[in-house]
Amino acid sequence: MVNDKVNDILAADFNKLIDAGCGSIGLLCNQIKGGVEKVQESVAPPILVYDDVLARRAVAVTPEGGKIAVAAMNTAALGPTKLAVEFAARQAGKNIEVEPICVETAKNCLAETGSTELADQDFERWLRANQQKYSAFVLPQVPLTRLMSRLRDMETPVFDSMEPFVDELAKM
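A brief look at the structure comes next.

### Quick look at the pairing of strand S3 (residues 67-72)
- Burial analysis of S3 places five of its six residues in the buried class, the great majority of the element.
- The sheet contact formed by S3 and strand S4 (residues 97-102) spans six bridges and is parallel. Of the residues in S4, the one forming a bridge with Ala-71 is Ile-101.
- What joins S3 to S4 is helix H4 (residues 78-92), and the crossover it makes is right-handed.

### Some details on the sheet that holds strand S6 (residues 158-159)
- Across the sheet, which stays open at both edges, the four strands sit in the order S4-S3-S5-S6 with parallel pairing between neighbours. Every interior strand has two partners, whereas the edge strands, S4 and S6, have only one.
- One ladder, built from three bridges, connects S3 with strand S5 (residues 136-138); its direction is parallel. What sits directly across from Ala-69, in S5, is Phe-137.

About the thresholds
- Residues numbered from 1 in each chain as written.
- Predicted model: local features only at pLDDT ≥ 70, side-chain atom pairs only at ≥ 80, totals over all residues.
- Heavy atoms only, no water.
- Buried < 20%, exposed > 50% of the residue type's maximum accessible area, 1.4 Å probe, protein only.
- Helix = DSSP H or I, 4+ residues; strand = E, 2+ residues; numbered from the N terminus.
- Pairing = 2+ DSSP bridges.
- Right-handed = clockwise from strand over helix to strand, strands pointing away.

So yeah, pure geometry; function would need other evidence.
Encoded structure:
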């Protein structure tokens, strides 16, 4: 839960990083994103949250009336990332549908077998089978970045959580 104490700790830690010479700050956990605006009041450089970057990029390639899938193997990241995509769509003035999807078959595969390789294959199969339904896919789980090299040939753009985030941090 994000509360004033958590916000104070984050602000203090971010300011230590700035004092040590960091020029930009990124947050990989969208579960504490709710407190970033409060933390930003105490931290000079902008704080970049990874799913905000994904959201903006997905919205940019999605036409008016298009549909974006926020897909993951667990439900924890879906809500905050769905909100980020909806916010980015409003900022861009686009009417876009956002569908959060937990790929249950991949989730169950991972739980039953413990094999990320098998679960990743199932997740990739789901993306490929459903790509005609969506204008873009957003993958908010950091570990799903491992799939990106296999997804570059898809017609529907796929935005993972790390590459766009690191690109944006480098520009700051």
